[in-house]
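Working through the structure, step by step
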Amino acid sequence: MKDRKKTKYINFIIISITILIVVGLGIEEYKEKNMEKKQAKYQTNNISMMYRENKKDEEKEKETNESLIKEEIKEAERYSKEEIIKEYRGYDVLAKLEIPAIELETYILKNYSTQALNISVTKFWGANPNEIGNFCVAGHNFKNNNMFRNLKKLQIGNRFTISDNNIGKVEYEIYDIYTVLPEDVKCLSQKTNGKREVTLITCTSDSKMRIIVKAREWKE
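In this report, we go over the structure that sits alongside the text. What you see is a predicted model; the values in this text were computed from it and never measured.

This part covers the nonpolar core. As a rule of thumb, nonpolar side chains are buried together in soluble globular proteins. One finds Leu97, Ile99, Phe160, Ile162 and Leu200 to be the most contacted residues of the largest nonpolar core, which totals 23 residues. Elements with a contribution of two residues or more to this core: β2 (91–99), β3 (104–109), β5 (133–138), β6 (159–163), β7 (169–180), β8 (196–203) and β9 (210–217). When near neighbours in sequence (up to four residues on either side) are disregarded, Leu97 contacts Leu104, Glu105, Thr106, Ile108, Phe148, Phe160, Thr161, Ile162 and Leu200. Counting six residues, the second-largest nonpolar core is a separate cluster that includes Cys136, Val180, Leu188 and Ile201.

Written as C-alpha cells, this is what we have:
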C-alpha cells in the first residue's frame, strides 16, 4: 500500500515537472517568435524609413540638378560669346576690354611685365576675366589708342564690357573712382562677396599717384 502511494507520488512529481518543462519551453518559443516578429517589424520600418529618406535625397538631388541646369542655361543666355584672339603682337591674350565712354577697345594681356605694359594693358592681380573675384587690370596712361590715357575721364555709372573665351561678354558698371599712393594696394582685395568685380589701374599725369576705377557686374 505504501509502495503504491509512493509510486503515485513519484509519478505526480514526474508529470508536474514534465508539464512545467513543456510550458516553460512553450513560453520561451513564444517569446522568441514574438521577438522575431518585433525584429522583423523593426527592420521593415527601418527599411521603409531608409527608402523614404533615399527617395527624399533623390528628389532633392534631382531638384538641385535641375536648378543647376537652369542656371547654366541662364548663364549661357546671359553672356553672349565672341571669339577673342589668343595672341597680340607676340603676347598671350586673356580678354578684350571695351569702354564706350572713352572709345577704348583693347586687349588684356595675360602676363604682367614691363615689356607687356608697353604693348597693351595687362592683368595685374586677382581673379581671371569674368570670374568671381576682383580682376585687376593695369595700363600706362600713354597716348596710344589701346592704353589707359583717358581713364581719368570716366564717371561713376559708366559701363564697359570684358569678353573672354570661357564665360563670354560681361558688362560692368563703375561704382567708384579715386586716386591712391603707389604703395596703397587695398584696391587689389579679393573680398567681393561672391560677385564679379573689375579694378582698372593707371598713373596720374605726373606719375605720383594711381587712378583706381572700381566696377561691378551690371545686371538688369
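With respect to the helices and strands, the residue Phe135 is situated in strand β5. Assessed through its relative accessible area of 0%, Phe135 is described here as buried. When the C-alpha atoms of Phe135 and Arg196 are compared, they prove to be 7.9 Å apart, with 61 residues separating the residues in sequence. Excluding its chain neighbours within four sequence positions, the residues that come into contact with Phe135 are Leu94, Ile108, Lys123, Trp125, Ala127, Asn128, Pro129, Ile162, Glu197, Val198 and Thr199.

Mapped onto the elements, Thr199 comes out in strand β8. Side chain to side chain, Thr199 and Asn134 meet in a polar contact 2.8 Å long. When neighbours within four sequence positions are excluded, Thr199 is seen to be in contact with Asn134, Phe135, Cys136, Val137, Cys187, Ile212, Val213 and Lys214.

Conventions adopted
- Residues numbered from 1 in each chain as written.
- Predicted model: local features only at pLDDT ≥ 70, side-chain atom pairs only at ≥ 80, totals over all residues.
- Heavy atoms only, no water.
- Core = buried A, V, L, I, M, F, W, Y, C linked by side-chain atoms within 4.5 Å.
- Buried < 20%, exposed > 50% of the residue type's maximum accessible area, 1.4 Å probe, protein only.
- Helix = DSSP H or I, 4+ residues; strand = E, 2+ residues; numbered from the N terminus.
- Contact = heavy atoms within 4.5 Å.
- Polar contact = N/O pair within 3.5 Å; in protein donor to acceptor, adjacent residues only side chain to side chain.

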